[in-house]
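Coordinate inspection notes
Spelled out, the chains give:
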Amino acid sequence: MPTFYIEQFGCRATQADGAALEHQLLRRGYTPSARHAADIVVVNTCTVTAAADAQARDAIRKIRAGNRAAQVVVTGCYAQRAPEALAELPGVAWVVGNSHKSELPQIIENLSLASASRAADFVPAGLLQQSSVANFPGSAKILTGAFTLQPLLSAPVFGGEGNHTRPTLKIQDGCNSRCSYCVIPFVRGKSRSLPPETVVHEIKQLAASGVREIVLSGINLGTYGRDLSQRIAFGDLLRRILDETPVERLRISSIEPMDVTSELIDFFVANDRIAQHFHMPLQSGTDRILAAMHRWYRAEHYARRVQLIRERLPDAAIGADVIAGFPGETDEEHSSTGAFIESLPFTYLHVFSFSKRPVTAAAALSSEIPTNVIKNRARELRALGERKSAAFRREQVGKRLRVLTLRSASDEDAPSENLHAEVMPEPQFTPGLSSNYLRVRVPGSWPANHWVDTRISSSQGGVLIGAPEELANCVAAVHACN
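Residues numbered from 1 in each chain as written. Predicted model: local features only at pLDDT ≥ 70, side-chain atom pairs only at ≥ 80, totals over all residues. Heavy atoms only, no water.

**A short note on the side chain of R192**
Relative to the helices and strands, R192 is located in strand β10 (residues 192–193). Here R188 takes part through its backbone oxygen, which lies 2.8 Å from a polar atom of the side chain of R192. (Helix = DSSP H or I, 4+ residues; strand = E, 2+ residues; numbered from the N terminus. Polar contact = N/O pair within 3.5 Å; in protein donor to acceptor, adjacent residues only side chain to side chain.)

Laid out in structure tokens, this is it:
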């Protein structure tokens, strides 16, 4: 059978699409392979910034240079937004937008049949019956268009910490909002949800396989269930998951601030199986820029949510996305955003430099900020985020955290998850992750996917140092005797 390789870019939603495609190809008998040797290479793209576009184009050129025999299929958000630009690249056989991602397995199968039959000048009927295909000058074909009732592609995405550690399950896709800087609604369509029965079934299967923490992700998680014929609120889905599955820890990847209600916070307080972790996009701390961004809240609304979380959950992680250099942002407004962030108990920041995206409202704004100014502002915000992170880590010293080990200390070659502060552990330590999204190094060689109740002794180099609580108690007793 043919071999395949999937080159992944972008967010967890894009990675979930790639995982779903991988499962479908495996079921059809395809065999995974290295990029340089695969018969079919799928490039699953992102287009959230101009840099993401450039990375995808560069990857396609490198694939072509390293494996000229491969059939290259480009899909994802960039393929939906600008298929013609991708079809021009040498070696690309198909460009398939998100709108037709569900047809990828059949397209790849047809490509395999055509390649196998090329010597006999045989063209499979499937290739002749693609009525919505556009032939691009050259060899590439384009399949994209408007979103209709497209199925939500979803499969658990496992990170690099091991085969049974912290999978991400995408339960929602698309977005009905129109933030002026964001291209995602145009390349992923309207909000749509995985039925709750399917969500519960997937989580039961993951838990039965030994998974202890599961991350729920989506483009706009707070809108989950509003598109279903039998509507269900996101909070009600969380209740069903905890009531009907044995999952030991559930983590929410990101949620809009206006969806963080007092009822949701109370639910987090009452359930220790929910990770104490809120990631709420902020983007700006000034009302004028928030209005220009078409965000639905103002700084005061956002601040109240953060303060309520800190009151009810003193040790919760609170993270935010922030955009530096939105068109028209003055020096004073940038400073105001910094002061706003400084005034609130954030534990980390994800800072993005503004990137003009075609078809968005912000792309038409004339008051662009010079690139060097954007870079300086982003650098200042990242430094502020690091200071907030360091302060939060210091607050954890002396406290007890329940840590999930990510991989054994001897597994030095395993890639690490990209958190806000990443330091490779020394061989004598095992890396772990706490409920409140902190990296912890536990002495000794522990198996992956193992709970360790850890007493934090210090903060060093962006991670916490701890010891298993039993060992920490013994050390404390010895010191008390002395």
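Having seen the structure, we can now continue with the description.
**Describing helix α9 (residues 234–244)**
Of the residues making up α9, those classed as buried are F234, G235, L237, L238, I241 and L242. Summarising the axial view, the buried residues of α9 lie within an arc of 160°, below the 170-degree limit, and thus occupy one face. Along its buried surface, α9 packs onto α8 (196–208), β11 (213–217), β12 (249–252) and α10 (262–270). (Buried < 20%, exposed > 50% of the residue type's maximum accessible area, 1.4 Å probe, protein only. Arc of directions from axis to C-beta. Contact = heavy atoms within 4.5 Å.)

**What to know about the pattern of salt bridges**
One pass over the full model with this rule turns up 31 salt bridges. One salt bridge in this structure joins R212 and E248, with 3.6 Å as the shortest N-O distance. Of this pair, R212 sits in the loop between α8 and β11 while E248 is found in the loop between α9 and β12, placing the two residues 36 residues apart along the sequence. For E248, a relative accessible area of 31% gives the class partly exposed. For the salt bridge of R377 with E329, the shortest nitrogen-to-oxygen distance reads 2.9 Å. With R377 in helix α14 (residues 371–395) and E329 in the loop between β14 (317–324) and α13 (331–343), this residue pair connects regions lying 48 residues apart in the sequence. Here the two residues R377 and E329 agree in accessibility, since each one is buried. (Salt bridge = Lys/Arg side-chain N within 4 Å of Asp/Glu carboxyl O.)

**Regarding the side chain of T47**
Looking at the secondary structure, you find T47 in the loop between β3 (40–45) and α2 (50–66). T47 gets classed as buried once you look at its relative accessible area, which sits at 0%. In this view, T47 contacts A52, D53, C77, Y78, R81, V183, V187 and R357; residues no more than four positions away in its chain are not counted.

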